[in-house]
Amino acid sequence: DGGITQSPKYLFRKEGQNVTLSCEQNLNHDAMYWYRQDPGQGLRLIYYSQIVNDFQKGDIAEGYSVSREKKESFPLTVTSAQKNPTAFYLCASSETGEAYGYTFGSGTRLTVV
Amino acid sequence: LAKTTQPISMDSYEGQEVNITCSHNNIATNDYITWYQQFPSQGPRFIIQGYKTKVTNEVASLFIPADRKSSTLSLPRVSLSDTAVYYCLVGAPDDKIIFGKGTRLHILP
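In this report, the structure presented in the accompanying data block is examined. Not measured: the values here are computed from a predicted model. (Residues numbered from 1 in each chain as written. Chains lettered and ligands numbered in written order. Predicted model: local features only at pLDDT ≥ 70, side-chain atom pairs only at ≥ 80, totals over all residues. Heavy atoms only, no water.)

1. Let's talk about the interface of chain B and chain A
Argument step 1. Across the contact, 26 residues belong to chain B and 24 residues belong to chain A.
Argument step 2. Of the roughly 2000 Å² buried between chain B and chain A on both sides combined, carbon and sulfur atoms contribute 51%.
Argument step 3. Considering only the surface of chain B that becomes buried against chain A, B:Asp94, B:Lys96 and B:Ile97 emerge as the three largest contributors, covering 28% of it.
Argument step 4. The interface formed by chain B and chain A includes four residue pairs in polar contact (both at pLDDT 80 or more).
Argument step 5. Of all the secondary structure elements, the ones that give two or more residues to the side of chain B that touches chain A are strand S3 (32–38), strand S4 (45–50) and strand S8 (84–91) of chain B.
Argument step 6. A breakdown of the residues in the side of chain B that touches chain A according to their chemical character gives 13 nonpolar, eight polar and five charged. (Contact = heavy atoms within 4.5 Å. Buried area = accessible area lost by both parts, 1.4 Å probe. Polar contact = N/O pair within 3.5 Å; in protein donor to acceptor, adjacent residues only side chain to side chain. Helix = DSSP H or I, 4+ residues; strand = E, 2+ residues; numbered from the N terminus. Nonpolar A, V, L, I, M, F, W, Y, C, P; charged D, E, K, R; others polar.)

Here it is as structure tokens:
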């Protein structure tokens, strides 16, 4: 089945550590996105990429980094510079030019301990 | 990107029809209206999309008046499993998605 796989589902991080969240899609979509969701809130865009080897900052990119070396993969690194990383992280993909026809992964819940 | 306004929360009962209205007064000519559903600890799921008039699929209907300044998502005969957050999004192809807080729909037995 085509879809987006995020791993791990739960992740615990010690303060000062970098962690990387995985996002893989087999939908052959050009565009991929990372969102952060805090309890009771909407989704906020961290980074997005519309083509391999290119990505753009979203609204809350500080403390995060990404790479897009392959079309199907868009990993997100939460760095120690992110002051409040505990949140639910969602990855999505879409066809370029698609009007909001996005497919989301099932998310990674990151907790700082 | 057009700003959207929708109710923060709604309650309904099983078997009822639920209508959630979204206002988007500054919608642009090439903007589409899209609704997503999100269950707790899951990613949002695409429900329906429209440009004008009425769109219906196996899950919901979307009503869009001629001026397109609002839209209504209609869920027929809801069940407990329809309890979720519903997001209204307005934008054009290649726009970044901007999610608001959505509408928390709570279905009661």
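2. Notes on the packing of aromatic side chains
Argument step 1. Overall, the coordinates contain 13 aromatic pairs over all chains when judged by the stated rule.
Argument step 2. Pairing A:Tyr47 with A:Phe55 gives two aromatic rings, centres 5.9 Å apart and planes at 80°, and the pair type is edge-to-face.
Argument step 3. With a relative accessible area of 8%, A:Tyr47 lands in the buried category.
Argument step 4. When the ring of B:Tyr87 is compared with that of B:Phe99, the centres are 5.0 Å apart and the planes differ by 85°; the resulting orientation is edge-to-face. Here the residue B:Tyr87 occupies a position in strand S8, and B:Phe99 occupies one in the loop between S8 and strand S9 (103–108), the gap between them amounting to twelve residues. (Phe/Tyr/Trp six-rings, centres within 6.5 Å; stacked < 30°, edge-to-face > 60°. Buried < 20%, exposed > 50% of the residue type's maximum accessible area, 1.4 Å probe, protein only.)

3. Thoughts on the sheet that holds S4(B)
Residue and element names in this part refer to chain B.
Argument step 1. Spatial strand order, S1-S9-S8-S3-S4: five strands in an open sheet with mixed pairing. Pairing within the sheet leaves two strands with one partner each, and these edge strands are strand S1 (9–13) and S4. Shown here is a sheet whose adjacent strand axes are inclined to one another by a mean of 25°, direction ignored.
Argument step 2. Relative to S8, S3 runs antiparallel, the two sharing seven bridges. If you follow Tyr36 over to S8, its bridge partner there is Tyr87. (Pairing = 2+ DSSP bridges. Axes fitted to C-alpha atoms, helices over the stretch in contact; angles between N-to-C directions.)

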